[in-house]
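Structural features, examined
Take a look at the letters that make up each chain.
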Amino acid sequence: MRVGTSFLALLSLLPLLLSPQFSSAQLPPDTGISSRTLDAILQDCAFKAFLRPKTGVPYGGQVPRSLNGIRVSAMRLRSGSLRTRGVERYKEFQIPIGVVEQPYVERLVLVYHNLGNWSEKFYPLPGYTYLAPVLGLMPYSGANLSASELPELDIRASDKPILINFPHVKSAPLGSVPKCVYFDLHGSVQFDILLHGNVCSTVQQGHFSIVVESNAPSPAPAAAAVAAAAAADVRKSGSGRNKSKVWVIVASLVGGCLLLIMLSLLVAKVRRTKKGMKIQQLEWAAESNETLQIASIGGTKAPLAVGTRTRPTIENDYIP
Ligand SMILES: *[C@@H]1O[C@H](CO)[C@@H](O)[C@H](O)[C@H]1NC(C)=O
Ligand SMILES: *[C@@H]1O[C@H](CO)[C@@H](O)[C@H](O)[C@H]1NC(C)=O
């Protein structure tokens with residue numbers, strides 16, 4: 001009974017211990033820059049590309065040399081024009097009519113990111129391989145083009161979704177299914193089906209790419225995510241969250257070991273009970289008259305058994 005209850009208690013604790021604490025926004029790459037800091041840097045670079053910007057024309061920005069390989073652009077739009085006409089094509093993005101921003105601004109700037117070979121650094125996704133670079137679409141207020149550290153606007157496609165056409169997609173390994181991946185600004189990750197022609201769709205701003213599950217045998221995704229988060233945090237060093245992450249891993253390990261021990265105890269107990277039942281059955285069978293006769297036919301020891309076992313039978317016959 002006791003074994004059973006503690007086993008159940010452990011079982012109910014396990015999901016807590018192994019719950020995914022995966023937030024790519026908090027995973028700093030080797031540069032020490034988080035993906036959110038990168039967003040701010042790229043907003044600044046993109047806005048600097050504007051001198052006398054025409055609306056609806058993309059301008060390419062310069063990224064710092066330390067971020068070589070990332071491409072950024074900016075396009076200024078009247079919000080009324082975005083809503084009623086959309087944008088036929090802005091790099092890989094196709095913006096339909098009916099997209100509105102929140103809060104309302106008269107002019108907005110759509111900043112485009114192509115993270116190129118930095119995709120995995122800023123958006124690490126354990127267990128998955130990128131087949132295309134991570135692309136970003138980030139809307140900002142276009143009221144002050146010298147402003148920096150602007151908050152993103154929230155855009156929503158109300159009619160049709162925004163489409164992302166990925167032109168150069170690596171071929172997926174045989175038998176694996178490529179998926180669209182979406183990162184929102186808070187670091188949460190969502191997967192979606194890949195549409196025909198390497199197209200992903202979205203109704204809001206964020207970062208997008210195409211991934212495929214890695215073939216490499218990896219631990220359970222949740223465990224891997226926790227491990228990755230902890231590893232990244234250790235790299236970051238010094239914060240209290242490190243200890244809690246490490247604690248979570250240690251607790252999971254200890255929990256796992258305990259679970260194993262409990263399981264083996266249970267198995268042993270079940271076996272013992274079964275064995276006991278078998279012996280009882282044998283004894284019971286041996287005591288009954290019929291088995292005695294069957295057993296005595298074959299073996300050389302049969303007469304002995306008959307000698308010892310007949311007595312109780314006779315006694316039994318005596319009593320009634
Ligand atoms: C990406 O490629 C550029 C050269 O095109 C290089 O300077 C940069 O270090 C690379 N970044 C990463 C993360 O490998
Ligand atoms: C635009 O932003 C810059 C930098 O934050 C600030 O110095 C400037 O006063 C702002 N201009 C307007 C018109 O708000």
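To start, this report covers the structure provided alongside it. Remember, predicted model here, so these are calculated numbers, not experimental data.

1. A few points about the overall build of the chain
Scanning the chain from N- to C-terminus turns up eight helices and 14 strands. For the chain, the proportion of its 320 residues judged to be buried stands at 36%. If you take every contact in the chain between residues at least 6 apart in sequence, the share linking residues at least 24 apart comes to 69%. Taken as a whole, the chain presents about 19,400 Å² of accessible surface, with 60% of it coming from carbon and sulfur.

2. Some details on the site of ligand 1
All residues in the neighbourhood of ligand 1 are listed as N68, N117 and W118. Here N117 contributes a side-chain N or O atom positioned 2.2 Å from an oxygen atom of ligand 1. One of the side-chain N or O atoms of W118 is found 3.5 Å from a nitrogen atom in ligand 1. For ligand 1, whose accessible area on its own is 360 Å², the fraction buried by protein is 49%.

3. Thoughts on the site of ligand 2
Neighbouring ligand 2 are the residues N144, S146 and A147. In this structure, an oxygen atom belonging to ligand 2 sits 2.2 Å away from a side-chain N or O atom of N144.

4. Quick look at the side chain of Q204
With respect to the secondary-structure elements, Q204 resides in the loop between β13 (199-202) and β14 (206-213). Judged by relative accessible area, which is 18%, Q204 ranks as buried. Among the polar contacts made by the side chain of Q204, one reaches the side chain of Y182 at a distance of 3.4 Å. Those residues in contact with Q204 that sit more than four places away from it in its chain are I155, R156 and Y182.

5. What about the sheet that holds strand β10 (residues 162-165)?
The pairing of strands in a sheet happens through backbone hydrogen bonds and is either parallel or antiparallel. Reading across the sheet, the four strands line up as β3-β4-β10-β13 and stay open at both edges, with antiparallel pairing between neighbours. In the strand order of this sheet, the two ends are held by β3 (87-90) and β13, each with one partner. Here the strands of the sheet are splayed against their neighbours by 20 degrees on average, with no regard to which way each runs. With four bridges connecting them, β10 and β13 associate as antiparallel partners.

6. Regarding the state of the cysteines
Inspection of the entire model under this criterion finds one disulfide. Paired through a disulfide, C180 and C200 show a sulfur-sulfur distance of 2.0 Å. Between C180 and C200, the disulfide has an S-S torsion of -95 degrees and is therefore left-handed. With C180 in strand β11 (residues 179-183) and C200 in strand β13, this pair connects stretches of sequence that are 20 residues apart. Like C200, C180 is buried.

7. What about helix α2 (residues 35-48)?
Along its 14 residues, α2 runs 20 Å from first to last C-alpha, staying within 8% of the 20 Å computed at 1.5 Å per residue. Every buried residue of α2 is listed here: S35, L38, D39, L42, Q43, C45, A46 and F47. Those residues of α2 that are buried are in contact with β1 (58-61), β2 (71-78), β6 (107-114), α4 (119-122), β8 (135-141) and β14.

8. A closer look at the packing of aromatic side chains
By the definition in use, this model includes ten aromatic pairs. A ring pair is formed by F47 and Y140, whose centres lie 6.1 Å apart and whose planes are at 85 degrees; its orientation type is edge-to-face. Here F47, found in helix α2, pairs with Y140, found in strand β8; they are 93 residues apart in sequence, far enough to count as distant. On the basis of an interplanar angle of 35 degrees and a centroid distance of 6.0 Å, the ring pair of W118 and F122 is categorised as tilted. Residue classification places F122 among the buried residues on the basis of a relative accessible area of 0%. Aromatic ring contacts, followed pair by pair, group Y90, F93, Y112, Y182 and F208 into a single cluster. The ring of F191 has K179 sitting right over it, with the charged end atom 5.1 Å from the ring centre.

Rules used in this analysis
Residues numbered from 1 in each chain as written. Chains lettered and ligands numbered in written order. Predicted model: local features only at pLDDT ≥ 70, side-chain atom pairs only at ≥ 80, totals over all residues. Heavy atoms only, no water. Helix = DSSP H or I, 4+ residues; strand = E, 2+ residues; numbered from the N terminus. Buried < 20%, exposed > 50% of the residue type's maximum accessible area, 1.4 Å probe, protein only. Contact = heavy atoms within 4.5 Å. Areas by Shrake-Rupley, 256 points an atom, 1.4 Å probe, with all protein chains shown as cover. Near = heavy atom within 4 Å. Polar contact = N/O pair within 3.5 Å; in protein donor to acceptor, adjacent residues only side chain to side chain. Pairing = 2+ DSSP bridges. Axes fitted to C-alpha atoms, helices over the stretch in contact; angles between N-to-C directions. Disulfide = S-S within 2.5 Å. Expected span 1.5 Å × (residues − 1). Phe/Tyr/Trp six-rings, centres within 6.5 Å; stacked < 30°, edge-to-face > 60°. Lys NZ or Arg CZ within 6 Å of the ring centre and 35° of its normal.

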